[in-house]
Amino acid sequence: LYSSNVKISDQCCSELRKHLVSGVLTDDFVLNNLDELLDCMRQCNVALRWQILHRQAMSTKIMRGKTEHKNPAADQGSNMSMTDAKVLHMMLLTSRFEEKLKSCVQSLLKRKGEIWRTRQADARKIMLELSAYFTGEQALTDVARNEPLVKWFAGMANEIENLSLAKHLTVTGKDIQLCIQALIDIEQFDLIDRSDQLKASLKIARDQLLQMIRAITITDDVVRVLVRVSDMSYAQEAIGSYVSVIHTSVNKDPPTVELLRGLFLKLTSCLDVGTFRLRQGCSAELGEVETYYSSFLVELIKGILDVIPVSVFSLLLQIAGVKQRRLQDVPVKIDIEALRTHAQLEERYK
């Protein structure tokens, strides 16, 4: 089980790095790949929960098995170990991925109506253009008038215009699927099948209709799924043991600080889960419980962020030491031959 989880964790980290590349996780990408992104998020949280909880196990057998797998030689030279640093790295990548995914989903939820109307208008416009094309009256066209196709594309434009976002999700989705299937079937006509331009226009129309289906699937239920899957209340006690690991990671790689915001947002689930039932029952003790969990999060965040000023001032001390002890004063006049020596490039680089 340990080896299997390590493999899954490595795969998850690889997927997360791909998604977190700047410019990848956009609204359009999320809209087109929402199911795959949710599956990735679930897999990452399952692997992360397994690692965190099993590292807190008190069972001698489990601890012995974990210790054995920490030795790379036990896996015949393969990298099957999962150190605290790797668990933290996966935790930070997962929290950052969840933060960006939630932001995109909330943006899509606000813009759902706008996306629907835009895609609907584009698809209808293509149908009207195709209907006008088969009239044979447009310039630079040598096609003869085909009345059945003129009426068919005009009717399809009306069908697309009559699609409503107010109907039930299942009904609207079924209507759009029928329109898509009709556009696939019309391609079988010889007059259309011979024209690559017409087939390209029909493909664009189908893509617009697919985007309409994807838009209506963005609901409040998706947001609730994101909140449930990203829950980290199980790590309320275990997260304290990673504070020193976070400090070490920040000292070695300062850009790690950018990922801490997502981790803090993920840890707020400790507050939500602890007060959920009290909030449902309108308990009079809700305020005291919220204060307790809030103080816990505040102290944890303060303990994590303590490393930032320490790291900054330690770097300033190193810079001051280099300037005072290693850098020599530059004379007013310098010979060209001695310019490289007085530049002291190695000391300035440090």
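Above this note sits the structure.
Residues numbered from 1 in each chain as written. Predicted model: local features only at pLDDT ≥ 70, side-chain atom pairs only at ≥ 80, totals over all residues. Heavy atoms only, no water.

Caption draft 1: Layout of helix α14 (residues 269–280). With twelve residues, α14 ought to run about 16 Å at 1.5 Å a step, and its terminal C-alpha atoms sit 16 Å apart, in line with that. Every buried residue belonging to α14 is among Ser269, Cys270 and Thr275, and all of these are buried. Packed against the buried residues of α14 are α13 (257–267) and α15 (286–305). At the exit of α14 stands cysteine 282, carrying a positive phi of roughly 50°. (Helix = DSSP H or I, 4+ residues; strand = E, 2+ residues; numbered from the N terminus. Expected span 1.5 Å × (residues − 1). Buried < 20%, exposed > 50% of the residue type's maximum accessible area, 1.4 Å probe, protein only. Contact = heavy atoms within 4.5 Å.)

Caption draft 2: View of the packing of helix α6 (residues 112–133) against helix α10 (residues 196–216). Running from N to C, α6 and α10 point in directions that differ by 160°, and their axes come no closer than 9 Å. One element, α6, and the other, α10, form an angle in the roughly antiparallel class. The two elements α6 and α10 cross, and the hand of that crossing is left-handed. Contact residues: Lys112, Ile115, Trp116, Arg119, Gln120, Asp122, Ala123, Ile126, Met127, Leu130 and Tyr133 in α6; Leu198, Ser201, Leu202, Ile204, Ala205, Gln208, Leu209, Gln211, Met212, Ala215 and Ile216 in α10. In the contact of α6 with α10, the residues fall into 15 nonpolar, four polar and three charged. (Axes fitted to C-alpha atoms, helices over the stretch in contact; angles between N-to-C directions. Parallel < 35°, antiparallel > 145°, perpendicular 65-115°, else oblique. Left-handed = near helix turned anticlockwise from the far one by under 90°. Nonpolar A, V, L, I, M, F, W, Y, C, P; charged D, E, K, R; others polar.)

Caption draft 3: Summary view of the packing of aromatic side chains. Evaluation of the coordinates by the stated rule reveals five aromatic pairs. Ring geometry for phenylalanine 134 and phenylalanine 153: centres 5.8 Å apart, planes at 5°, overall stacked. Remark: phenylalanine 153 occurs in helix α7 (residues 147–162) and phenylalanine 134 occurs in the loop between α6 and α7; sequence separation between them is 19 residues. Grouping residues by exposure puts phenylalanine 134 and phenylalanine 153 together as buried. Judged by centre distance (5.2 Å) and plane angle (75°), the ring pair of tyrosine 292 and tyrosine 293 falls under edge-to-face. For tyrosine 293, a relative accessible area of 18% puts it in the buried group. A network of ring pairs unites the aromatic residues Tyr133, Phe134, Trp152 and Phe153 as a single cluster. (Phe/Tyr/Trp six-rings, centres within 6.5 Å; stacked < 30°, edge-to-face > 60°.)

Caption draft 4: Representation of the pattern of salt bridges in the model. All chains considered together, the criterion is met by 16 salt bridges. Between arginine 42 and aspartate 39 there is a salt bridge, with its nearest N and O atoms 3.2 Å apart. Here arginine 42 and its partner aspartate 39 are both found in helix α3 (residues 34–54), three residues apart, which amounts to about one turn of the helix. Residue classification places arginine 42 among the partly exposed positions, given a relative accessible area of 36%. Residue classification places aspartate 39 among the partly exposed residues on the basis of a relative accessible area of 48%. A salt bridge links lysine 302 to glutamate 299, with the shortest nitrogen-to-oxygen separation between them at 3.9 Å. Linking lysine 302 with glutamate 299, this pair stays in helix α15, spanning three residues, or about one helical turn. Since its relative accessible area comes to 46%, lysine 302 is described here as partly exposed. (Salt bridge = Lys/Arg side-chain N within 4 Å of Asp/Glu carboxyl O.)

Caption draft 5: Spatial organisation of the side chain of glutamine 208. Relative to the assigned elements, glutamine 208 resides in helix α10. Residues contacting glutamine 208, with those up to four places away along its chain left out, are Arg119, Asp122 and Ala123.

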